[in-house]
There are 2 protein chains.
Amino acid sequence: MATLQELDTAIAEQSALFNQFKARTDPAEAVELEAARVKLGELKKSRGALLQAAGAGSKDKKKERLLLKTAKGTRDYGPAEMFCREHIEKTVKDVFHLYGGSCLDTPIFERKDVLAGKYGEDAKLIFDLKDQGGEELALRYDHTVPLARYLAMAGTTITNAKLWQVGKVYRRDNPVMSKGRMREFSQADIDFAGSWDPMIPDAEIISLLGTILAKLDVGEFTIKLNHRKILDGIFEVCGVPSEKIRSISSAVDKLDKLPWVEVKKEMTQEKGLDPIVAEKIGQYVKLKGTEAPKLLEQLLHDSTLTSNKSAKEGLSDMNILFTLLQSYGVLDKISFDMSLARGLDYYTGIIYEAIVEGSAPPGLKQADALTSTPTSESTDLTPKPDSKKKPKKKVEEEGEEEIDESQVGVGSIAAGGRYDNLVGMFLSAASGEGKKTASIPCVGVSMGLDRIFAILWPRWIERGMRSKGTMVYVMSAGDGLLQERVQLAQALREAGINTEFSFKNKPKLPAQFAAGEKDEVPFAVILGGDELKAGLVTVKEQKWEFKDGQKVKVQSEEKGTQVPRDQLIDWIKNTQTFRDWQIGKWIS
Amino acid sequence: MATLQELDTAIAEQSALFNQFKARTDPAEAVELEAARVKLGELKKSRGALLQAAGAGSKDKKKERLLLKTAKGTRDYGPAEMFCREHIEKTVKDVFHLYGGSCLDTPIFERKDVLAGKYGEDAKLIFDLKDQGGEELALRYDHTVPLARYLAMAGTTITNAKLWQVGKVYRRDNPVMSKGRMREFSQADIDFAGSWDPMIPDAEIISLLGTILAKLDVGEFTIKLNHRKILDGIFEVCGVPSEKIRSISSAVDKLDKLPWVEVKKEMTQEKGLDPIVAEKIGQYVKLKGTEAPKLLEQLLHDSTLTSNKSAKEGLSDMNILFTLLQSYGVLDKISFDMSLARGLDYYTGIIYEAIVEGSAPPGLKQADALTSTPTSESTDLTPKPDSKKKPKKKVEEEGEEEIDESQVGVGSIAAGGRYDNLVGMFLSAASGEGKKTASIPCVGVSMGLDRIFAILWPRWIERGMRSKGTMVYVMSAGDGLLQERVQLAQALREAGINTEFSFKNKPKLPAQFAAGEKDEVPFAVILGGDELKAGLVTVKEQKWEFKDGQKVKVQSEEKGTQVPRDQLIDWIKNTQTFRDWQIGKWIS
């Protein structure tokens, strides 16, 4: 039997081998990866058994300890954070409703064959469910594929729809928790499905996105825009062979985090592109501008480009789009950016991405030889395991890698585009005849709520935002008066006023005030035996302010106001505080 | 090689064997179950290969068809249903806030060892995630265990908290979709954790539950109440041996769906209880009453019972509780019910369950020899695979059983109780020393939102409730006016008014009216070229009414009102319709 030392060495070696295999992308090598994993597991079990056998004779045999933690890449959110997250969610949903969106709710897991083939290389990031004798299932990876399945299943009963979904999605990737990159994360999607006149729903989605970002107060933001047909046209006129277009496109996509020099190297050395062709591409993809119509004008005067059918269609679309975006009042947020390519194959028209100022990683100054605009971190919502500029790693147990969080920015906080053929793919696969079927054209956007939270939460804390919405704390001035407190609390609650009181029979006044102050409850209603007999209660309003980086109670000489008990509700509803809270002014 | 016929026979036999094994509850037999499952899978693969080989030569070789469906026991919810479900969720959350609750959000999956040992026999209903080289994970089964883990992890930083969580939980059981029994279903939980004076938080939770059910308009409801200590006391004074107490308790729990005769048989024949003891138990568990204080009085005069320490403590608690419930104004909804036992072991104090009138299954008239109160379907939120009165089944593929849905009622829609030791169990397991550690006492309730939806949704349809919240539809009277429609829509949206318009360049008026009417949009705002030049728009209000079981538009002679464009927003905000919608009167 191996010694502990021999096992530890073997485990370290096997872990390293396992890591190597994991980094490979060829699906044909999956079997070897699986074998390596199994062997690693067996070595660890042997080690465990050895330890157990060794400890069996020991007198102080401790029970096996339960590790109290959440699963890797997931976390709990407590009350204060949830107050912020619920605010973000409500803001997003309110805008969805403003634009006529309806809610769709799909299950957290799908049949595996629904997800198969939709995510390219990222398929290895899908969380599978264990085979327990039924269907093969996996956790949803995004909201888009389930939406397409829903529309395909609806068949001819749905010709057009505005559907949104807010919920968690799952990817088995390397987490960077502090920047909102986790294995379980929240996405808010809205998609317009249907055939309408060109670019109108596309413009509506971009306007909606701009409205949400403005309302959320994430700071200065930019919506980068491009068009799949323009990109394809550029590649064609530059001379990219058609079989290389997708892989060159994904190289271009890296221009937001790598300098042109490196991207060009990837194109020529890794992907075998003619350097002259690459150079020509470089002349185009450096073009970007926040005066979108100007750049469009410039491109429309490029006869090489406009002679290309695909580019011409794309540019025509952009022309219609910019006119609409001007009417929507969102054109000033747009950057028309030739380097925006996006990873997913299924986009067929415009593509866009929203980035927030200051979401670039600290210390990662990417001097791009072609542009002076600072580049932000990954533009794709999926953390890319094969990113070239990966910060220093530390090796964790099971051979998995941890990313140095200080080197990672939040990246883009929303992205999307037009994808006209996805529903058709489902219909075609379902018909089993391999023929092309009709499709429902779609355009949509996906927002990374955890990334938005990662930006907003520190500011929320900085500004000392409240974390609870209780308005009244009912207290007794030393007489207990439990039944009376209960009855009054119920009356206030029936009138729609969030109310709490101490769950003690005879609570002391200081403790009750402390409880109310902990949650910044504005109104203290104090009951006294004699007062109550006279039909009166005392109300004391309390305010807080932010001073020297801390929330402090505003000291007041006020002793409180005596109010007849049966007029208390009206009294409260007539206060400025109540009116402010009604219109949502309470969270600031 | 086996023929298709031979394989089909073998598969049918293996399926039957697999079913038999699945019904067994002894964990020691798990290996045999697994082997049976594997063999079944192999037989099916062989069959598939046989078919494929047979079809390989055929000219019309069809591509393998994709089955477009959701996973078994799960479903999508479309816009109209989500409108109802979101209303239910908002109502529940509003009440949580009224009572000072804060939101907690835990991940959808936990490490398996966190869930292990918490669910007794139901452990086989847990959805595992596939072992993909990392931690062993499983989908959460409820919100209670994650909450207890969260509190244990918080250690001394949390001494008391009022925490709620609304979200999906997962159980691999036999679904009855139409009655809200699924594998993925929504639960809304709220729990008060902390040490306070006896019964106050318990009363608060019961009041909260009653408030929610009243607001949701689920019809007449009853909250059944009992106390673990009273039950244990009853069992002791009747002479139940202590090792049989848990299993006799679970037999008593079936009294809501089985007559006493059958329950007594289970106690004596299956569980080996002395028939005399069973008879004594029968005398107690038949006791129930909606005049709770009266029954309490009766029990307090039962000297046999009050001489038992456990029963005495329980009765004393009930005394305090009823006084409080009177003050809360919820006592009239209570049924003090000696037959309420509930399955889970971890309850230590009061237990309760809410049932709705009319949630009993049709045609399943259970004449209970001891009581004339009609019994409702299962009181436990977990569909019990071993229920004796299971309605007729049909055998499905993979040998799984389908339940005849017309025979199943919705059952209880909420349940909970006090559980003082669960957090302590986690702390103890985490300390690894096997000693008892401090615990945080908890009391809480879990609501089955799908069951509530199953009750509300048919009524919603009956009453022709609206399914969208758009208030204004901006139209053009045949002049296109796309940019003008966009600009006006944006102005309305900025003012907080949900607005839509047609995504067509030159939409026809009838089509626009039809679009607005489909969603019962109350205001049509019509733009005309000349009118706009004069700074005017036309507003037409539309109403709908429910007539002869159908929603119809109220015919009106009104041609619409001309309003200056820059006064339109104020005009709309001054209508009764707008004011009604502001206070939520729009959903009726």
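Under an unreviewed UniProt entry, the name given to chain A is Histidyl-tRNA synthetase, and the organism recorded is Thelephora ganbajun.

Caption draft 1: Expanded view of the overall build of chain A. If you tally the helices and strands in chain A, you get 20 helices and 20 strands. By residue count, 56% of the 588 residues in chain A fall in the buried class. Summing over all exposed atoms, chain A offers an accessible surface of approximately 25700 Å²; the carbon and sulfur share of this is 52%.

Caption draft 2: Geometry of empty space enclosed by the protein. Under the definition given, this model contains 12 cavities of 30 Å³ or more. By volume, the largest cavity amounts to about 850 Å³. Along its surface, the largest cavity is lined by 44 residues, and Glu89(A), Val166(A), Gly167(A), Val166(B) and Gly167(B) are the ones closest to its centre. Elements with a minimum of two residues in the lining of the largest cavity: helix H3 (79-98), strand S4 (161-170) and strand S5 (184-193) of chain A together with helix H3 (79-98), strand S4 (161-170) and strand S5 (184-193) of chain B. Split into classes, the residues belonging to the lining of the largest cavity amount to 20 nonpolar, eight polar and 16 charged.

Caption draft 3: Quick look at the interface of chain A and chain B. Taken together, the 98 residues of chain A in the interface contact 97 residues of chain B. The contact between chain A and chain B buries some 9100 Å² in all, and 56% of this surface belongs to carbon and sulfur atoms. Of all residues in chain A, Leu66(A), Leu68(A) and Phe503(A) give up the largest surface area on contact with chain B, accounting jointly for 9% of the area buried on that side. Linking chain A with chain B are 14 salt bridges, by the criterion used here. Partitioning the side of chain A that touches chain B into residue classes produces 40 nonpolar, 26 polar and 32 charged.

Caption draft 4: Structural detail: unusual backbone geometry. Not every positive phi belongs to a glycine, and Leu481(A) is a case in point at roughly 50°. As for its position among the elements, Leu481(A) is in the loop between strand S14 (472-476) and helix H16 (482-494).

Caption draft 5: Up close: the pairing of strand S13 (residues 442-448) of chain A. Residues and elements named next belong to chain A. Here S13 lies mainly inside the structure; seven of its seven residues are buried. Of the two faces of S13, both are covered, the one formed by Cys442, Gly444, Ser446 and Gly448 as well as the one formed by Val443, Val445 and Met447. Of the pairings in the sheet, the one linking strand S12 (residues 412-419) to S13 comprises six bridges and is antiparallel in character. Within S13, the position partnered with Ala414 by the bridge is Met447.

Caption draft 6: Representation of the sheet that holds strand S7 (residues 288-289) of chain A. Residue and element names in this part refer to chain A. In spatial order, the strands read S1-S4-S5-S13-S12-S9-S6-S8-S7; together these nine strands make up an open sheet with mixed pairing. Looking along the sheet, the strands with just one partner apiece sit at the ends: strand S1 (102-103) and S7. Where S7 lies against strand S8 (residues 334-337), two bridges are found, and the strand directions are antiparallel. Its bridge partner lying in S8, Gly289 is registered against Phe336. Most of the contacts of helix H7 (residues 228-238) go to strand S6 (residues 221-227), to which it runs at about 55°, and overall it touches S6, S8 and strand S9 (350-356).

Caption draft 7: Looking closely at the relation of the copies chain A and chain B. Overlaying chain A with chain B gives an RMSD of 0.1 Å, the required rotation being 180° about an axis along which the chain moves by 0.0 Å. The superposition operator between the copies reduces to a two-fold rotation axis. When the interface residues of chain A are mapped onto chain B, 99% of them are again interface residues, pointing to one common binding face.

Caption draft 8: The packing of helix H7 (residues 228-238) of chain B against helix H10 (residues 275-285) of chain B, seen in detail. All names here are of chain B. Following both chains from N to C, one finds H7 and H10 inclined at 140°, their axes separated by 9 Å at the closest point. One finds that H7 runs oblique with respect to H10. Note that H7 runs across H10; the crossing there is right-handed. Contacts from Ile234, Phe235, Val237 and Cys238 in H7 reach Val277, Lys280, Ile281 and Tyr284 in H10.

Caption draft 9: Representation of the pattern of salt bridges in the model. One pass over the structure, following the stated rule, counts 60 salt bridges over all chains. Among the salt bridges present, the one from Lys69(A) reaches Glu135(B), with a minimum N-O distance of 3.2 Å. Remark: Glu135(B) occurs in the loop between helix H4 (112-115) and strand S3 (137-139) and Lys69(A) occurs in the loop between helix H2 (30-55) and H3; the pair is interchain, linking two chains. A salt bridge links Glu266(A) to Lys254(A); the shortest N-O distance between them is 3.1 Å. Pair noted here: Glu266(A) is in helix H9 (residues 260-270) and Lys254(A) is in the loop between helix H8 (245-252) and H9, with a separation of 12 residues, a long-range link. Given a relative accessible area of 3%, Glu266(A) falls into the buried group.

Caption draft 10: Molecular detail of the packing of aromatic side chains. Tallied over the full model, the rule gives 24 aromatic pairs over all chains. When the centroid spacing of 5.1 Å and the interplanar angle of 45° are considered together, the rings of Phe109(A) and Phe127(B) count as tilted. Separated into two different chains, Phe109(A) in strand S2 (residues 109-111) and Phe127(B) in the loop between H4 and S3 make up a pair that spans both. Summarising the aromatic geometry, the rings of Phe503(A) and Phe192(B) are spaced 5.6 Å apart at their centres and angled 35° between planes, so their arrangement reads as tilted. Here the residue Phe503(A) occupies a position in the loop between strand S15 (499-501) and helix H17 (509-518), and Phe192(B) occupies one in strand S5, the pair thus bridging two chains. Accessibility classification places Phe503(A) together with Phe192(B) in one group, the buried group. One aromatic cluster is present, built from ring pairs that chain together Phe192(A), Trp196(A), Phe501(B) and Phe503(B). A cation over an aromatic ring shows up here: Lys162(A) above the ring of Phe192(A), its NZ or CZ 5.7 Å from the ring centre.

Caption draft 11: Fine view of the state of the cysteines. Following the criterion strictly, the structure yields zero disulfides over all chains and no others. With no disulfide partner, Cys84(B) has as its closest neighbouring cysteine sulfur the one in Cys103(A), 12 Å distant. Cys84(B) gets classed as buried once you look at its relative accessible area, which sits at 0%.

Caption draft 12: Quick peek at the nonpolar core. If you look at the biggest cluster of nonpolar residues, it comprises 289 residues, and the most contacted ones within it are Ile281(A) and Ile281(B). Residue contacts for Ile281(A): discarding those within four places in its chain leaves Phe235(A), Cys238(A), Val240(A), Ile248(A), Val252(A), Met267(A) and Leu273(A). Counting residues in each nonpolar core, the second largest holds 16 residues, with Phe109(A), Leu137(A), Tyr170(A) and Leu139(B) among its members.

Caption draft 13: Spotlight on the sheet that holds strand S20 (residues 561-564) of chain A. All names here are of chain A. Ordered in space as S15-S14-S16-S17-S20, the five strands form an open sheet in which the pairing is mixed. At either margin of the open sheet sits one strand with a lone partner, and together these are S15 and S20. Here the average twist between neighbouring strands, direction ignored, is 30°. Across four bridges, strand S16 (residues 523-527) lies against strand S17 (residues 536-541) in antiparallel orientation. Bridge assignment links Ile526 to a residue of S17, and that residue is Thr538. Contacting S14, S15 and S16, H16 runs over the sheet at an angle of about 170° to S15.

Caption draft 14: Representation of helix H13 (residues 309-328) of chain B in the model. Residues and elements named next belong to chain B. For H13, with 20 residues, the first-to-last C-alpha span of 29 Å sits near the 28 Å given by 1.5 Å per residue. Among the residues of H13, those classed as buried are Ser310, Ala311, Gly314, Leu315, Asp317, Met318, Leu321, Phe322, Leu324, Leu325, Ser327 and Tyr328. For H13, the N-terminal cap is Asn308; the gap from its side-chain oxygen to the backbone nitrogen of Ser310 is 3.0 Å. Positive phi appears at Gly329, one or two residues downstream of H13, with a value of about 75°.

Caption draft 15: Quick look at helix H5 (residues 144-154) of chain A. Among the 11 residues in H5(A), 10 count as buried, and that is most of the element. Among all positions in H5(A), only Thr144(A), Val145(A), Pro146(A), Leu147(A), Ala148(A), Arg149(A), Tyr150(A), Leu151(A), Ala152(A) and Ala154(A) are buried.

Caption draft 16: Structural detail: the confidence of the model for chain A. Of all residues in chain A, 86% have pLDDT values of 70 or greater, and the mean over the chain is 84. Low confidence marks residues 360-407 of chain A, where pLDDT is under 50. Its contacts with residues over four positions away, or in another chain, come to 117 contacts.

Caption draft 17: Structural context of the pairing of S4(B). Residue and element names in this part refer to chain B. For S4, a buried count of nine out of 10 residues is recorded, marking the element as mostly surrounded by other parts of the structure. The pairing of strand S1 (residues 102-103) with S4 spans two bridges and is classified as parallel. Within S4, the residue paired with Cys103 across the bridge is Trp164. Taken together, the 10 bridges between S4 and S5 define a ladder with antiparallel strand orientation. Within S5, the position partnered with Lys168 by the bridge is Ser186.

Cut-off values and rules
- Residues numbered from 1 in each chain as written.
- Chains lettered and ligands numbered in written order.
- Predicted model: local features only at pLDDT ≥ 70, side-chain atom pairs only at ≥ 80, totals over all residues.
- Heavy atoms only, no water.
- Helix = DSSP H or I, 4+ residues; strand = E, 2+ residues; numbered from the N terminus.
- Buried < 20%, exposed > 50% of the residue type's maximum accessible area, 1.4 Å probe, protein only.
- Areas by Shrake-Rupley, 256 points an atom, 1.4 Å probe, with all protein chains shown as cover.
- 1 Å grid on protein atoms, 1.4 Å probe; cavity = no way out; pocket = protein on both sides within 12 Å on 5 of 7 lines; lining within 4 Å.
- Points joined across faces, edges and corners; volume = space filled by probe spheres on them.
- Nonpolar A, V, L, I, M, F, W, Y, C, P; charged D, E, K, R; others polar.
- Contact = heavy atoms within 4.5 Å.
- Buried area = accessible area lost by both parts, 1.4 Å probe.
- Salt bridge = Lys/Arg side-chain N within 4 Å of Asp/Glu carboxyl O.
- Pairing = 2+ DSSP bridges.
- Axes fitted to C-alpha atoms, helices over the stretch in contact; angles between N-to-C directions.
- Least-squares fit on C-alpha atoms with pLDDT ≥ 70 in both.
- Parallel < 35°, antiparallel > 145°, perpendicular 65-115°, else oblique.
- Left-handed = near helix turned anticlockwise from the far one by under 90°.
- Phe/Tyr/Trp six-rings, centres within 6.5 Å; stacked < 30°, edge-to-face > 60°.
- Lys NZ or Arg CZ within 6 Å of the ring centre and 35° of its normal.
- Disulfide = S-S within 2.5 Å.
- Core = buried A, V, L, I, M, F, W, Y, C linked by side-chain atoms within 4.5 Å.
- Expected span 1.5 Å × (residues − 1).
- Polar contact = N/O pair within 3.5 Å; in protein donor to acceptor, adjacent residues only side chain to side chain.
- pLDDT = per-residue confidence, 0-100.

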